[in-house]
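Listed here are the chains, written in short residue letters.
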Amino acid sequence: MVGSGTLALLAAVYFSLASNAAFWAAFRATEAGQSAAAWALGLGMAVAITALHAGLLLFVVNRWTRNVVLPIVLFVTAAAAFYMDRYHVYIDRDMVANVLVTEPKEARELITADLVLALLLHGLLPSLLVWWTRAPVRGVGKGIAMHAVGIVVTFVIALGAIGLNYQALSSLMRNEKSMRHLIAPGNWMVALGKALRERRATDAPRQLIATDARIERPAGARPRLVVVVVGETVNAAHWGLNGYARQTTPRLAALDGVNYPDVEACGTNTEVSLPCMFSSQGLHDYDRDAIRGSESLMHLLDHLGVHTLWRDNQTGCKGACEGLPFESFLDAQVPAYCTGGRCFDGVLLHELDAAVARMPGDAVVVLHMLGNHGPSYYARYPEAFKRFTPACEVDELGDCERDAIVNAYDNAILYTDSVVADAVGWLEQQSAARDTALIYLSDHGESLGESGLYLHGVPRMVAPDEQLKVPMWLWLSPALREADGIDLACVRGAADAPRTHDALFSTVLGLMRVETAVRDPDFDLLAGCRRD
Ligand SMILES: [Zn+2]
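Before going into details, it helps to say that this report is about the structure given with it. (Residues numbered from 1 in each chain as written. Predicted model: local features only at pLDDT ≥ 70, side-chain atom pairs only at ≥ 80, totals over all residues. Heavy atoms only, no water.)

### Some words on the overall build of the protein chain
Logical step 1: The helix and strand inventory of the protein chain stands at 21 helices and 15 strands.
Logical step 2: In summary, the protein chain has a C-alpha radius of gyration of 26 Å against a globular reference of 24 Å for 532 residues, a match within 12%.
Logical step 3: Its C-alpha atoms give the protein chain principal-axis dimensions of about 85 × 50 × 45 Å.
Logical step 4: Every one of the 532 residues in the protein chain was classed for burial, and the buried ones make up 56%.
Logical step 5: Long-range contacts, defined here as pairs at least 24 residues apart, represent 77% of the contacts in the protein chain between residues at least 6 apart. (Helix = DSSP H or I, 4+ residues; strand = E, 2+ residues; numbered from the N terminus. Rg over C-alpha atoms; globule rule 2.2 N^0.38 Å. Buried < 20%, exposed > 50% of the residue type's maximum accessible area, 1.4 Å probe, protein only. Contact = heavy atoms within 4.5 Å.)

### Here we look at the coordination of the zinc ion
Logical step 1: At the metal site, the zinc ion is ligated by Glu232 (OE), Glu232 (OE), Thr270 (OG1), Asp443 (OD) and His444 (NE2), and these contacts range over 1.9 to 2.5 Å.
Logical step 2: Taken in sequence order, the residues that donate to the zinc ion follow the motif E-x37-T-x172-D-H.
Logical step 3: Residue classification places His444 among the buried residues on the basis of a relative accessible area of 0%. (Donors = N, O, S within 2.8 Å, 3.2 Å for Na, K, Ca; no water.)

### Examining the sheet that holds strand 5 (residues 307-312)
Logical step 1: Taking strand neighbours across the sheet as the criterion, the seven strands line up as 3-13-10-2-9-5-6 in an open arrangement whose pairing is mixed. Each edge of the open sheet is held by one strand with a lone partner, namely strand 3 (258-260) and strand 6 (326-328). The average undirected angle you get between the axes of adjacent strands in this sheet is 15°.
Logical step 2: Pairing between strand 5 and strand 9 (residues 363-368): six bridges, direction parallel. Across the sheet, the residue bridging to Thr308 is Val364, located in strand 9.
Logical step 3: Its contacts with the sheet put helix 17 (residues 402-430) on strand 2 (224-231), strand 10 (435-442) and strand 13 (472-476), and the angle it makes with strand 10 is roughly 165°. (Pairing = 2+ DSSP bridges. Axes fitted to C-alpha atoms, helices over the stretch in contact; angles between N-to-C directions.)

### Quick word on the pattern of salt bridges
Logical step 1: Evaluated as defined, the whole model comprises 25 salt bridges.
Logical step 2: Residue Asp484 pairs with Arg224 through a salt bridge whose shortest N-O separation is 2.8 Å. One end of the pair, Asp484, is in helix 19 (residues 478-484); the other, Arg224, is in strand 2, and 260 residues separate them in sequence. Take Asp484 and Arg224: they sit in the same class, and that class is buried.
Logical step 3: Between Arg402 and Glu450 there is a salt bridge, with its nearest N and O atoms 3.5 Å apart. With a gap of 48 residues between them, Arg402 in helix 17 and Glu450 in the loop between strand 11 (447-448) and strand 12 (454-455) connect regions that are remote in the sequence.
Logical step 4: Owing to a relative accessible area of 36%, Arg402 belongs among the partly exposed residues under this scheme.
Logical step 5: Look at Glu450 and you get buried, because its relative accessible area is 18%.
Logical step 6: Beyond isolated ion pairs, a larger network of salt bridges with shared partners links Arg222, Arg224, Asp435, Asp484 and Arg513. (Salt bridge = Lys/Arg side-chain N within 4 Å of Asp/Glu carboxyl O.)

### Here's the deal with the state of the cysteines
Logical step 1: Under the definition given, this model contains five disulfides.
Logical step 2: Sulfur-sulfur distance for the disulfide between Cys317 and Cys321 comes to 2.2 Å. Across the disulfide from Cys317 to Cys321, rotation about the S-S bond amounts to roughly -95°, and the bridge is consequently left-handed. The pair formed by Cys317 and Cys321 is uniform in burial state, with each residue classed as buried.
Logical step 3: Through a disulfide, Cys490 is tied to Cys529; the S-S separation comes to 1.9 Å. One quick way to see it: the torsion about the S-S bond of Cys490 and Cys529 is about -75°, and its sign makes the bridge left-handed. Here Cys490 is found in helix 20 (residues 488-493), whereas its partner Cys529 is found in the segment after strand 15 (514-515), with 39 residues between them in sequence.
Logical step 4: Regarding the disulfides, the protein chain carries the connectivity 1-2, 3-4, 5-6, 7-8, 9-10 under sequence-order numbering of its bonded cysteines. (Disulfide = S-S within 2.5 Å.)

If you want it as structure tokens, here you go:
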């Protein structure tokens, strides 16, 4: 016979011991974790974390719920701890929001033998113990009273442990804010609550932006067609045009484009970066709620009579194209590009002629790639692009040498290079009828084992350059350059300056010759290089 309160306490102790390796490792790496007082501080945190989790569990674990709630918490925490340990990911609101929109196909790639083992060991095994125990029979009133006392006692203990270490703890949490996202299971519970609350809040209508906007081009000017290629998970350091030791961008290097070697992403995951890139606020005026509550670049273009189309080989436009024409290739069955339920990014150009023919006049098309979405980099490119070998060809990065992981990652960039070059080729054909341009930029980077980090999603404040620096590349058709009097040498001359994702919003408006106070010339890649 084990009472539910005892069970909640045991579970909290278990989490502190078994599920928080990433947190303790992060603590040991801090200055406080290496100081003489580290043991006292560590012990204080262990007591506080255990007590807080116990108190939290006492709210939801009782005689009727224990056989369901505790196993759910155990399984989810086992998965969270696995990813925190293995890939050094942080479990915050964005990470959980990402998980909530994960497609079954993505999920399948994440379920590896090691994860299953972790779930059996840290999810199933303790759950079996929970199911094996029996709750003592008590009166309901007595049970509630005991839980209430338990909650009060655990919170008093937690407060005491925090109070005794208050100074050291507050300075640690101030300096290492992101560490709290490593405390399981509290991290995913809080993040889940926030992510769900945010989902509900996004139903309100979006604020209009740039109500002063108008298109200013001479009467009789040719219509424009701009393609925005949003890359996925491409890290600037592996981009051939940026001077990477390997030429991963041979086809773009042969084109007459402009490469931007120093570009910082808005965030380190798609959920943050994508809405931010297409917003007027951007990184310079970042406000997550304002961005989600406002119309995007695509909405603004739509109001101006520009046709928009968002073609997606990923998990959608995260609100940036809400209510606007959208095509998903997630379940497309185009034999030339699609195998095993996934399509290579070349599919984004499939029958684009016909789609664009239905959009006469000015048009902006976004191609949202699957790019280098990990960990299955090897599944992102056709066989012909397997140039760097041996390439890691399993979903479990831990089963591959780092070199093989990098090889697969670089092969995937080679394929992105080819798709973007094909898009330019396609635009060259379209240039007979319209002035055309293309801009490519990745949503965020990726860690590939540098200091033990893999994948992406580390909070911006502590994110390494591998996750924050992204490639960006611009191509302008000769006809568009001619029409706007753009001096390409001038554009190239300004390419080495530091840039951010904010370039997208103002540059696309500039390319469409949209005049508005919201377009910031500082962010327009062509500002100062036009004949006016
Ligand atoms: Zn992404």
